[in-house]
Amino acid sequence: MLRTVLALGALSALAAPAWAQSEPGSVYFQIDSCASYQLPGEPVWETACAAHDSWSIFLHSSEHGSGSSYAYNGSERTEFYTPPRTLLFGGYHSTMEWRRNESGAYATIHRYVSEGPSMDVDPNGGPDSGEDQRQDHLVITALNPDSYERVACPLFVVDASQITDANEAARILADTFAPGHVCDDSEAYVFTDMGEVYATVEAYDMEMEMNESQGDDAASPMQPPKSKS
């Protein structure tokens, strides 16, 4: 199945429009059109998608949550990632946003919706059983097809339940930090405030301007913020 999906991905890349654009922009992909099947002996469903620019996307979904994984042009799949959450049920939205320029896709933005009572509720009910709630997070994944070790990794999570302009925040962060990002073992940093987003991007822009003015004596570019946890 994996080889079939990756082969389809290569074919779709040949047939897809060029989407040539010098400035960053978005294209969208519907994962509900992809093939899904139940894993043998497990209550888990896998969804396999041939997406944009020779990328393949995989989702593992069960009753209580969903994780996403990426592969590029026949590479090994990355580890599955599920964003931090406190509610009992959850899963990824059917629409994925891809940020790209004339060189290709460099990031995805994918909404994760958690619903239901808290994971800490009293299973026997009673006053501590809790009420159903909803949490929305936008997962920003950096894409680095030239990497030999890890072609994609979760970079940031934007708490859309607390940030009103969460989609715009996610695009700003993706466009600033994802191009050329080298993946490591860091957990994705969670933004809960729009002011923090602006401050982080402004600090990065100022450092980049300083480095450009210093030329060969410039320090290494600022790294994306690390996880709070």
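Structure first, text after, so check above.
Residues numbered from 1 in each chain as written. Predicted model: local features only at pLDDT ≥ 70, side-chain atom pairs only at ≥ 80, totals over all residues. Heavy atoms only, no water.

> Got a minute to help me understand the nonpolar core in this structure?
In terms of nonpolar packing, the biggest core is built from 25 residues, with Leu138, Ile140, Phe156, Val158, Leu173, Phe177 and Phe191 touching the most fellow members. If you list the elements that add at least two residues to this core, you get β7 (104–118), β8 (133–143), β9 (152–159), α2 (166–177), β10 (189–191) and α3 (194–214). The element contributing the most residues to this core is α2, with seven residues. In terms of nonpolar packing, the next biggest core, distinct from the first, is built from 22 residues, Cys34, Ile57, Ala152 and Ala188 among them. (Core = buried A, V, L, I, M, F, W, Y, C linked by side-chain atoms within 4.5 Å. Buried < 20%, exposed > 50% of the residue type's maximum accessible area, 1.4 Å probe, protein only. Helix = DSSP H or I, 4+ residues; strand = E, 2+ residues; numbered from the N terminus.)

> Before we go on, may I ask you to explain the pattern of salt bridges in this structure?
In this structure the tally under the stated criterion is eight salt bridges. Connected through shared salt-bridge partners, Glu97, Glu168 and Arg171 make up one network. (Salt bridge = Lys/Arg side-chain N within 4 Å of Asp/Glu carboxyl O.)

> I tried to follow the side chain of glutamate 97 on my own but got confused; where do I start?
Here glutamate 97 shows up in strand β6 (residues 87–101). In terms of polar contacts, glutamate 97 uses its side chain to reach the side chain of serine 26, at 2.5 Å. Excluding anything up to four places from it in sequence, glutamate 97 contacts Ser26, Val27, Tyr28, Ala107, Thr108, Ile109 and Arg171. (Polar contact = N/O pair within 3.5 Å; in protein donor to acceptor, adjacent residues only side chain to side chain. Contact = heavy atoms within 4.5 Å.)

Read these as layout, nothing more, since geometry by itself doesn't imply function.
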